[in-house]
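# Coordinates in review
Single-letter residue listing:
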Amino acid sequence: MLYFLQQLLNGVHSAAIYALLAFGYALGNGLLRRTNLAYGGIFAFCGQTMILAAVYGWQVLWLTLPATIAFGTLVAIAYAGFVTRLLSRAVLAPLANRSPNAIVAATLGLLIVLMEVSRIAADTHDYWLPPMLATPVVFAAQGGFLATLTVIQLVNTAIAATIVTGGAIHLARSRFGRHWRAVSDDPLAAELCGIHTGRIFHRALLYGGFCAGAAGILAALYYGNIGFGAGLVYGLKILFITAVGGYYAPGKAALGAAAFGMVEALWAGYFPIEWRDAWMYGLLAAMLVLAGDRRDAPGTV
């Protein structure tokens, strides 16, 4: 049972990151209703930007480690807002009513651009952050076996859970949330009722971009590095894991993605890890085929 508890604890951190990514993706997809491959690129780009800015702050500005991390985080969040704003206005808004293939091709191109910009900025070198807050917190112990999580895992999980919970509450109770649901249900009827659909569209994508940026920063702090090709991997993975809870309800998407993270951790603990991704992607593909592109009930969050 302690081993089972440890596997559940292993899934907590991944579940939190997946939930944050899925919440942000569904927030934009509820209005766009197109596959946005650039979302994973924003995640990886912001994580890499945080690391590069932290390296600059440490080596050039001679900042302390906490100040370096804070500097890198601020730079990454600023870039998340800039890239998302550029994406929504220059790419997604003009192509929103075109063929879905146009969105896929355009966002894939932007994903490649973000990956190459990160690679060129780093001069094709991998920079690593030092281990931080790696002290284990013991949840249970018996016979020398310890079920633990590190402090950085707990901090990241708390931050991601706070963002998702706060976002869901804001979406359920705020004026923006009411307008978001109206535009998501019927954009033409919402516009006839006086709602500025373009403004809601851009704000939703911006909030989703901040979620992706925050997830990238949390992942970079935990792993210490994010590879240049991670954008494509996570772009496809987010597309699949969001399907667990539904593409058009951010709260349900976050819960479904969290459940996927827990199942993924349990598979790694009890079955051959080299087959984990193949089986998990196969399961998600089956869910997509069986569920189809279903629309959630109006008013869901």
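Residues numbered from 1 in each chain as written. Predicted model: local features only at pLDDT ≥ 70, side-chain atom pairs only at ≥ 80, totals over all residues. Heavy atoms only, no water.

Below, the discussion takes up a positive patch on the surface. On the surface, Arg175, Arg178, Arg199 and Arg203 cluster together into a patch of positive charge. Contributions of two or more residues to the positive patch are made by α6 (175-185) and α8 (197-223). Position of Arg199 relative to the elements: it lies in helix α8. (Patch = residues over 30% accessible without salt bridge, like charges linked within 9 Å, V, L, I, M, F, W, Y side chains within 5 Å. Areas by Shrake-Rupley, 256 points an atom, 1.4 Å probe, with all protein chains shown as cover. Salt bridge = Lys/Arg side-chain N within 4 Å of Asp/Glu carboxyl O. Lys, Arg positive; Asp, Glu negative; His and termini not counted. Charge placed at Lys NZ, Arg CZ, Asp CG, Glu CD. Helix = DSSP H or I, 4+ residues; strand = E, 2+ residues; numbered from the N terminus.)

The tally for this structure, following the rule as stated, stands at 0 disulfides. In this structure Cys46 is a free cysteine whose sulfur lies 11 Å from that of Cys211, the closest cysteine sulfur available. (Disulfide = S-S within 2.5 Å.)

Attention shifts here to the pairing of strand β2 (residues 145-150). Pairing of strand β1 (residues 136-142) with β2 involves 6 bridges; the strand directions are antiparallel. When the sheet's bridge partners are listed, Val137 is paired in β2 with Leu149. Between β1 and β2, which pair antiparallel and follow one another directly, the connecting turn spans 2 residues, one of which, Gly143, has a positive phi of 60°. (Pairing = 2+ DSSP bridges.)

The subject of this paragraph is the packing of aromatic side chains. For the structure on display, the rule yields 9 aromatic pairs. Aromatic pair Tyr3 and Tyr270: ring centres 5.5 Å apart, planes at 85°, arrangement edge-to-face. A residue pair is termed long-range when its members are at least 10 positions apart, and Tyr3 in helix α1 (residues 2-32) and Tyr270 in helix α10 (residues 250-270) qualify at 267 residues. According to the relative accessible area criterion, Tyr3 is partly exposed, its value standing at 39%. With a centroid separation of 5.5 Å and an interplanar angle of 80°, the aromatic rings of Tyr25 and Tyr39 are classed as edge-to-face. Within this pair, whereas Tyr25 is found in helix α1, its partner Tyr39 is found in helix α2 (residues 38-59), the two being separated by 14 residues in sequence. Among the aromatic side chains, those forming a connected cluster through ring pairs are Trp267, Phe271 and Trp279. (Phe/Tyr/Trp six-rings, centres within 6.5 Å; stacked < 30°, edge-to-face > 60°. Buried < 20%, exposed > 50% of the residue type's maximum accessible area, 1.4 Å probe, protein only.)

Axis separation between helix α5 (residues 151-173) and α6 bottoms out at 5 Å; the angle between their running directions is 75°. Comparing the axis directions of α5 and α6 gives the class roughly perpendicular. Two secondary-structure elements touch here, α5 through His170, Leu171, Ala172 and Arg173 and α6 through Arg175, Phe176, Gly177, Arg178, Trp180 and Arg181. Looking at the contact of α5 with α6 residue by residue, the classes come out as 4 nonpolar, 2 polar and 4 charged. (Axes fitted to C-alpha atoms, helices over the stretch in contact; angles between N-to-C directions. Parallel < 35°, antiparallel > 145°, perpendicular 65-115°, else oblique. Contact = heavy atoms within 4.5 Å. Nonpolar A, V, L, I, M, F, W, Y, C, P; charged D, E, K, R; others polar.)

Given 3.6 residues to a turn, an α-helix orients residues that are three or four positions apart in the same direction. Counted at 1.5 Å a residue, the expected span for α2 with its 22 residues is 32 Å, and the 31 Å between its end C-alpha atoms agrees. The buried count for α2 comes to 18 of 22 residues, which makes it a mostly enclosed element. (Expected span 1.5 Å × (residues − 1).)

Before going further, it helps to spend a moment on the side chain of His202. On the secondary structure map, His202 appears in helix α8. Here His202 falls in the buried class, since its relative accessible area comes to 11%. His202 has contacts with Arg85, Ser88, Arg89 and Ala93, leaving out every residue within four places of it along the chain.

This part takes up the confidence of the model for the protein chain. Looking at the protein chain as a whole, its pLDDT mean stands at 88, while 96% of the residues score no less than 70. α5 holds the highest mean pLDDT among the elements of the protein chain, 95, whereas helix α11 (residues 276-291) holds the lowest, 76. Counted against residues more than four places away or in other chains, residues 296-301, with its pLDDT under 50, gives 19 contacts. (pLDDT = per-residue confidence, 0-100.)

Inspection of the secondary structure puts Ala16 in helix α1. Judged by its relative accessible area of 10%, Ala16 is buried. Once the C-alpha coordinates of Ala16 and Ile42 are considered, the two residues, 26 residues apart in sequence, prove to be 18 Å apart. If near-sequence neighbours (up to four positions away) are discounted, Ala16 is found in contact with Thr157 and Ala160.

Any two packed helices are characterised by how steeply their axes cross, that is the angle between the axes, and by the distance between the axes. Packing of α1 against helix α9 (residues 230-241) brings their axes to within 10 Å, and their N-to-C directions diverge by 80°. As far as their axial angle goes, α9 and α1 are roughly perpendicular. When α1 is examined against α9, the residues Tyr18, Leu21 and Tyr25 are found in contact with a partner set consisting of Tyr234, Lys237, Ile238, Leu239 and Ile241. Per-class residue counts for the contact of α1 with α9 are 7 nonpolar, no polar and 1 charged.

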